[in-house]
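Here's the letter readout for the chains.
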Amino acid sequence: MARAILRRALSLSAAAAASAPATPRFAAAAFASTSSSPSAIVPPRSPLDDRLHRLLRSEITYIAERRPPYPPPRSFKSFAVEDRPGEQWVRLRAARRGAEAGEEVKVEATMFDGATEPLPEDAPLFHRVESLERGPRLHLSLIVEVTKADRVLGFICSAWPDELAVRHVLTLRAGGAAAGSDGARGGRHFEKLGAEEREAVTKFLKEREVDEELAGFLHDYMANKENMELLRWLKTVESFLDK
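Residues numbered from 1 in each chain as written. Predicted model: local features only at pLDDT ≥ 70, side-chain atom pairs only at ≥ 80, totals over all residues. Heavy atoms only, no water.

**Student:** Describe the pairing of strand 4 (residues 103-110), listing the residues and the values that go with them.
**Tutor:** Across 7 bridges, strand 3 (residues 89-95) lies against strand 4 in antiparallel orientation. Residue Leu92 lies in a different strand from strand 4, and its bridge partner there is Val107. As defined by bridge partners, strand 4 adjoins strand 6 (residues 138-148) across 7 bridges and the pair is classed as antiparallel. Bridged to Glu103 within strand 6 is Lys148. (Pairing = 2+ DSSP bridges. Helix = DSSP H or I, 4+ residues; strand = E, 2+ residues; numbered from the N terminus.)

Below, the structure written as structure tokens:
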């Protein structure tokens, strides 16, 4: 019974193949020559792709003409700036001289990672108008390391356009390892330090040019970097659509 069913299936397959229209040889040859020819006709872009391309071109033109990025500075005061396209952070290094010879200061800053909340409705009208005119105060996070011999002091800071606030003070070994057996043991919250200790930390950082001027420089630098990264990304997408 199984053999009869198999023979019946084979005969049906053969009949179907015989009745199927054959592909003309000239059509197959034409298809092969068209697919391999370098002058093959490229299909036009879809209406959606065409619209997206126009929007991209408009945005690129706007940024390039109205908010053109400028060549980023390579230094600030005693710091050398290390930056690479596409990365979401920037690093500054400074080698101390004179009495502090052999000391290195390293600052790593993120791109904008926050902003102040708008003032509540019950705030005085003058302060609300002033806040709206100034716009949002953007926030950067900084990690500062001061290294001398095998000692490393670390600071986690908040950088506003006109202010630098220390959040945590860390005691580290060389290589960035915390002084304790884990990261929590090597750190102190800045606000929990005594008044004299807070003043000493602020003075220590100011002497190493980690202050509100550095915060202002980094805000300008990151605003320009954000423009550069956006323009680069838009051009990359546009080149992809052009292919």
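**Student:** Which residues make up the environment of Gly102, and what values do they have?
**Tutor:** In this structure, Gly102 sits in the loop between strand 3 and strand 4. When the C-alpha positions of Gly102 and Lys148 are compared, they lie 6.1 Å apart, and in sequence the two are 46 residues distant. Those residues in contact with Gly102 that sit more than four places away from it in its chain are Arg96, Thr147, Lys148 and Ala149. (Contact = heavy atoms within 4.5 Å.)

**Student:** I'd like to hear about the packing of aromatic side chains, residue by residue, with values.
**Tutor:** Within this structure, the stated rule accounts for 3 aromatic pairs. Their ring planes at 45° and their centres at 5.9 Å tell us that Phe217 and Tyr221 sit as a pair that is tilted. Pair noted here: Phe217 and Tyr221 are both in helix 6 (residues 212-242), with a separation of 4 residues, about one helical turn. Residue Phe217 is classed as buried on the basis of its relative accessible area, which comes to 13%. Residue Tyr221 is classed as buried on the basis of its relative accessible area, which comes to 3%. Ring pairing ties together the aromatic residues Phe76, Phe217 and Tyr221, which thus form one cluster. For the cation-ring pair, Arg208 lies above Phe204, with the distance from its terminal atom to the ring centre recorded as 3.7 Å. (Phe/Tyr/Trp six-rings, centres within 6.5 Å; stacked < 30°, edge-to-face > 60°. Buried < 20%, exposed > 50% of the residue type's maximum accessible area, 1.4 Å probe, protein only. Lys NZ or Arg CZ within 6 Å of the ring centre and 35° of its normal.)

Bear in mind that shape data such as this cannot, by itself, settle questions of function.
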